[in-house]
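Architecture and fold: a report
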Amino acid sequence: MKGNINHSLVYWCYNVAGSHWDLETMCGIAKDLGCKSIEILDPDAFPTLVKHGLTCALAANGMPGAPFMRGFNNPAYQAEVIERTSRTIDACAEHGMPAVIAFTGYKWRD
């Protein structure tokens, strides 16, 4: 009630099951709940967030599929992770989003 706690929602949790909310619906519900942020979104969602006065405090790094599966721990993905994360950091800076998350990835055996 004093504004010391900043609540957020994670988009994919509400998009993959149940009502399958689209981003516009999610933004409206987040605002109604008093949330300030919707997490783990790609840069193409940033204009919609800005329109609704929301932020993405933790943006996805741009890796395709489940981002936690392909990470720095597998040399096969390192260059792609760096390139996609760099692009996402630039998009975050452009739209005023504060952070990007990247994952170490699963242990892979070639």
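Preceding this paragraph is the structure being described.
Residues numbered from 1 in each chain as written. Predicted model: local features only at pLDDT ≥ 70, side-chain atom pairs only at ≥ 80, totals over all residues. Heavy atoms only, no water.

**Quick notes on the pattern of salt bridges**
Here is the rule we go by: Each reported salt bridge corresponds to a side-chain nitrogen of Lys or Arg within 4 Å of a carboxyl oxygen of Asp or Glu. Starting at the N terminus, helices and strands are each numbered in turn, a helix being any DSSP run of H or I of at least four residues and a strand any DSSP run of E of at least two. Burial status follows relative accessibility: with a 1.4 Å probe on protein chains alone, a residue under 20% of its type maximum counts as buried, one over 50% as exposed, and anything between as partly exposed.
This model, assessed by the stated rule, comprises three salt bridges. In this structure, the salt-bridge partner of glutamate 24 is lysine 51, at a minimum N-O distance of 2.7 Å. Remark: lysine 51 occurs in helix α3 (residues 46-51) and glutamate 24 occurs in helix α2 (residues 23-33); sequence separation between them is 27 residues. A relative accessible area of 36% means that glutamate 24 is categorised as partly exposed. Here glutamate 80 ties to arginine 84 by a salt bridge, and the two come within 2.8 Å at their closest N and O atoms. With glutamate 80 and arginine 84 both in helix α4 (residues 75-95) and four residues apart, the pair spans about one turn of that helix. Relative accessible area serves as the criterion here: at 27%, glutamate 80 is assigned to the partly exposed category.

Purely geometric numbers; function is a separate question.
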